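Breakdown of the fold
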Amino acid sequence: MAYEKILVTGGAGYIGSHAVVELYQAGYQPVIVDNFSNSEESALQGIESIIGTSVPVYRVDCADESALRGVFAAEPNIAGVIHFAAFKAVGESVQKPLAYFKNNVGSLLALLAVMPEFGVENLVFSSSCTVYGIPDALPVTEATPTKPASSPYGRTKQMCEDIMHDVSAAPDNKLRTILLRYFNPIGAHDSAKIGELPLGVPNNLVPFITQTAAGIREKLTINGNDYDTPDGTNIRDYIHVVDLAKSHVVAVQRLLDHKATETVETFNVGTGHGNSVLEVVQTFERVTGQKLNYSIGPRRPGDVPAIYADATKAEQVLGFKTETSLADSLASAWKWQQALADKK
Ligand code: UD1
C-alpha cells in the first residue's frame, strides 16, 4: 500500500535527495532528517521543484538520540526508515577516525534505540562495496567474504552491518533490515535540479571530471595506470544515482509487504559491469564533446584495483535492474555541473 510515511535520514544529501524524489513519485510520504553537515538547503528547493510540493524537514543530527526521539514523536505512524546519514570521505576518515565512528555508528545506534520505542520495524541501510575490501574473485556476490576495511570509513560500514545482524538475532527482535551495498553512484537527476554538491575539492572521480571540464580544476590526475587491469587503471561499477535511488523504493516496499525472508537481507546495488577510469574519461569526452585535461599520477593509497557487482540477487529477489548507461549517467553529471554554473 502506498502513501506510507518513510523517514529518510540524510534526505538532503546526494543519494538521499534522489531517493526522496523517487519515494514521493512512487506514492510514499518521505520525511527528511538532516543536519546539513554535508548538504545544502538548495537540495530541498530542488526536490520541491521536481515533485511540486514540499517535504517535511527536521534539522536534526541523527546521532542525537533525544532529538531523534523528538522527530519520531512529531511524526506518528512512520512505516519505515531509510538511513543514509553518514560521513563518506575515505581520506578524511583516516584524519578524523573518531568523528566517523561517532557519526556513522552513533547515528545507527540512536536509530536502533528509538525505532522500537515507536514500533517502527523496517530499516533500509546504506552500506558500501567497501566491505568487500580487495576481493579474491570478480564479480563480487553478497556471499563474497568481507575483508578487513582499508579505512575507518569502511570499518564504520562493516561495524554497522555487524550491529544490525546482532540486534536482529536478539530473541525479542522485531527489526527487519535490508542492507544495500552501493557500488559507485554517479550522475544527477535528469531535471538537473538535484545532484552531487561536493564541498571543496572533490575526492570522487566524476565530480572531479565535471569540475575539470568546467574549468574549476586545472586537470584530473588519474591515480595510477600500472594496475593489473586491461588498461592499467582501476575498475569500478558506476551506477546512476536515480537507479540507485529506485533500489531503495523496492527495498522498502519489500519490507512493508513482509516479503523479506531473513531478518537481515543484503543486496549488491550495482550495474554488474566494471569500467576503468580511462574508460570513464573517454566516455565523458565522447558524450559531452569536452576535451578533458588529464595526466597519470601515482596510485592512491587504499585503492582497490578492481571491483564490480554481481547484480543477480537484486534482480531475482527485488526485481531491480539498472536502466541508465555509463554514457547517459556521465551526460547527466555534466548537465548538472552546467546547471550549477548557471546558478552562480
Ligand atoms: C570510495 C569508497 C567507497 C565510498 C566512496 C564514497 C573504497 C574502496 N571505496 O569509492 O566505499 O562509498 O568512495 O566516497 O573505500 N580517481 C582518479 N582521480 C581522481 C579521483 C578518483 O583517478 O581525482 C579514481 C580512483 O583512484 C578510483 C576511481 O577513480 O580508481 C573511483 O574513485 P572514487 O570516485 O573516489 O570512488 P572509490 O574510491 O571507488
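For the structure, see preceding data.
Here's a quick rundown of the structure. (Residues numbered from 1 in each chain as written. Predicted model: local features only at pLDDT ≥ 70, side-chain atom pairs only at ≥ 80, totals over all residues. Heavy atoms only, no water.)

Focus on the sheet that holds strand S2 (residues 29–33)
As summarised here, the arrangement of the seven strands in space is S3-S2-S1-S4-S5-S6-S11, forming an open sheet in which the pairing is parallel. Only two strands of the sheet have a single neighbouring strand rather than two, namely strand S3 (57–58) and strand S11 (264–269). Note that strand S1 (residues 5–9) and strand S4 (residues 78–83) share five bridges and pair parallel. Looking at the pairing, Thr9 lines up with His83 of S4. Contacting S1, S4 and strand S5 (122–128), helix H5 (residues 97–117) runs over the sheet at an angle of about 170 degrees to S5. Against the sheet, helix H6 (residues 152–169) touches S5, strand S6 (176–182) and S11, its axis set at about 150 degrees to S5. (Pairing = 2+ DSSP bridges. Helix = DSSP H or I, 4+ residues; strand = E, 2+ residues; numbered from the N terminus. Contact = heavy atoms within 4.5 Å. Axes fitted to C-alpha atoms, helices over the stretch in contact; angles between N-to-C directions.)

Observations concerning the site of the ligand
Taken together, 21 residues lie near the ligand, and Ser128, Asn234, Arg236, Arg300 and Asp303 sit nearest. Here Thr130 contributes a side-chain N or O atom positioned 3.1 Å from an oxygen atom of the ligand. The separation between an oxygen atom of the ligand and a polar side-chain atom of Arg236 is 2.5 Å. Taking 750 Å² as the accessible area of the ligand by itself, protein coverage stands at 90%. Taken together, the elements giving at least two residues each to the shell around the ligand come down to helix H7 (205–213) and strand S8 (220–223). Here the residues of the shell around the ligand sort into nine nonpolar, eight polar and four charged. (Near = heavy atom within 4 Å. Polar contact = N/O pair within 3.5 Å; in protein donor to acceptor, adjacent residues only side chain to side chain. Areas by Shrake-Rupley, 256 points an atom, 1.4 Å probe, with all protein chains shown as cover. Nonpolar A, V, L, I, M, F, W, Y, C, P; charged D, E, K, R; others polar.)

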